[in-house]
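Descriptive analysis of the structure
The residues making up each chain are set out below.
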Amino acid sequence: MDDVTDTVFRQIVHGCAPADLYMTEFVNVDVLQSPGREKLLPKLKVAASEGPVIAQIWGKNPENYYKTVLELHEMGFVGVDINMGCPVKNVVQSGCCSALINNRGLTGEILSAVGEAAREVADETGQDFPVSVKTRLGLKAIDYTWHEFLLQHKLNMLTIHARTTKEMSKVPAHWDDLTPIRELRDKLSPTTLLVGNGDVRDRKHGEELAKQYKLDGIMIGRGIFDDPYALSSSSPWTDMTKAEKVALYRKHVELFAETWQNNERRVVTLNKFCKIYINGFPNAKELREELMAARDTDALLEILDKA
Ligand SMILES: Cc1cc2nc3c(=O)[nH]c(=O)nc-3n(C[C@H](O)[C@H](O)[C@H](O)COP(=O)(O)O)c2cc1C
């Protein structure tokens, strides 16, 4: 999730209850292969103490995808995911992400370029460099010809956010509509792992859905905002004390300060996380207000220590 799942937050989540696989924020290959690349590199930072991470990329130019995939392997990612589902207006208007659903020509070129780079990595290392796509049910309406098209490209993994682009995240996810995609997968590309996404609260909920819809995996996004232990099979979060929750946010702020010493990420981005931890105990709202007004990590740590 953009501005959320950076190396700092992934390390915190991994320490609470590890996911099997993580994905970075989406990173634009056309910017990455331009003189402006420096500003994107923090999104691709990975620490040794993390679990396996896939880099998620987006953009327009197939050659930039090709060059980026070769770099991602060098950086230590375990695979690459192409974002073909982001619904943000200016992204779609630029012909990227969800707009690819209606541009099979460019999608084919992108998949060929990424596939070629992944094959080169595999030839060189003797190990697969998996390629996956994350997309939606369709652009304005469900369009299974899109999933059929993608599955003809023998992806290693296909993740479906069970809504159309038009629906953004404004309606409940349509899990039943994943079944025809699973049937297409079984017929066209049985080795492609199929992952469902949308409104999954935690691991237990995800495992139930995977079983019900015969999927290989589940992706959890916003569930982590309600419980940093969402990936646990039995989360302790609701029973945790104020002191424990404050200590976990402190750990996050400290790791943030240590990781982004040159202000690669702005301190205000921490406000996105504050409500995760500072929640569910008396006067949490007042404490959040105080924390969100802080302008640097020293001030944040001081308030947390007092709390
Ligand atoms: C703040 C935020 C940032 C997101 N950024 C990305 C992104 O960079 N790449 C992506 O594939 N999806 C992104 N998403 C979408 C989520 O990955 C997910 O598909 C969507 O929220 C539905 O799943 P959920 O109900 O588990 O959150 C983002 C969602 C949110 C709320």
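Notes on the structure follow. Predicted, not measured: the structure shown is a model, and the values here were computed from it. (Residues numbered from 1 in each chain as written. Predicted model: local features only at pLDDT ≥ 70, side-chain atom pairs only at ≥ 80, totals over all residues. Heavy atoms only, no water.)

1. Thoughts on the overall build of the protein
Looking only at helices and strands, one finds 13 helices and 7 strands in the protein. For 307 residues, the compact-globule estimate of 2.2 N^0.38 gives 19 Å, and the C-alpha radius of gyration of the protein, at 20 Å, lies within 12% of that figure. On the principal axes, the C-alpha backbone points of the protein span a range of 60 × 45 × 40 Å. The long-range fraction of contacts in the protein, counting pairs at least 24 apart against all pairs at least 6 apart in sequence, stands at 68%. In the structure as shown, the protein presents an accessible area of about 14,500 Å², 50% of it carried by carbon and sulfur atoms. The protein carries 38 positive and 44 negative side-chain charges, and their two centres are separated by 6 Å. (Helix = DSSP H or I, 4+ residues; strand = E, 2+ residues; numbered from the N terminus. Rg over C-alpha atoms; globule rule 2.2 N^0.38 Å. Contact = heavy atoms within 4.5 Å. Areas by Shrake-Rupley, 256 points an atom, 1.4 Å probe, with all protein chains shown as cover. Lys, Arg positive; Asp, Glu negative; His and termini not counted. Charge placed at Lys NZ, Arg CZ, Asp CG, Glu CD.)

2. Topic: the pattern of salt bridges
This structure, assessed with the given rule, holds 21 salt bridges. For E50, the salt bridge goes to R10, with nearest N and O atoms at 2.6 Å. Taken as a pair, E50 in the loop between α2 (29–32) and β2 (53–58) and R10 in helix α1 (residues 7–16) lie far apart in primary sequence, 40 residues in all. Accessibility classification places E50 together with R10 in one group, the buried group. Among the ionic pairs, E254 bridges to R250, the shortest N-O distance being 3.1 Å. Of this pair, E254 and R250 both sit in helix α10 (residues 242–259), separated by 4 residues, roughly a single helical turn. On the basis of relative accessible area, R250 is assigned to the partly exposed category, the value being 22%. A network of salt bridges, in which partner residues are shared, links D2, D3, D6, E25, K43, R265 and K272. (Salt bridge = Lys/Arg side-chain N within 4 Å of Asp/Glu carboxyl O. Buried < 20%, exposed > 50% of the residue type's maximum accessible area, 1.4 Å probe, protein only.)

3. Things to note about the packing of aromatic side chains
Two aromatic rings are characterised by how far apart their centres lie and by the angle between their planes. If you walk through the whole model with that rule in mind, you get 6 aromatic pairs. Consider the rings of F26 and W58, whose centres lie 5.1 Å apart with planes at 20 degrees: the pair is stacked. With F26 in strand β1 (residues 22–28) and W58 in strand β2, this pair connects stretches of sequence that are 32 residues apart. Assessed through its relative accessible area of 15%, F26 is described here as buried. Residues W146 and F149 carry aromatic rings whose centres are separated by 6.2 Å and whose planes lie at 15 degrees to one another, so their mutual orientation is stacked. A residue pair is termed a helical-turn pair when its members lie 3 or 4 positions apart in one helix, as W146 and F149 do in helix α6 (residues 144–151) at 3 residues. Relative accessible area serves as the criterion here: at 0%, W146 is assigned to the buried category. One Lys or Arg, R265, reaches over the ring of W260 and ends 6.0 Å from the middle of that ring. (Phe/Tyr/Trp six-rings, centres within 6.5 Å; stacked < 30°, edge-to-face > 60°. Lys NZ or Arg CZ within 6 Å of the ring centre and 35° of its normal.)

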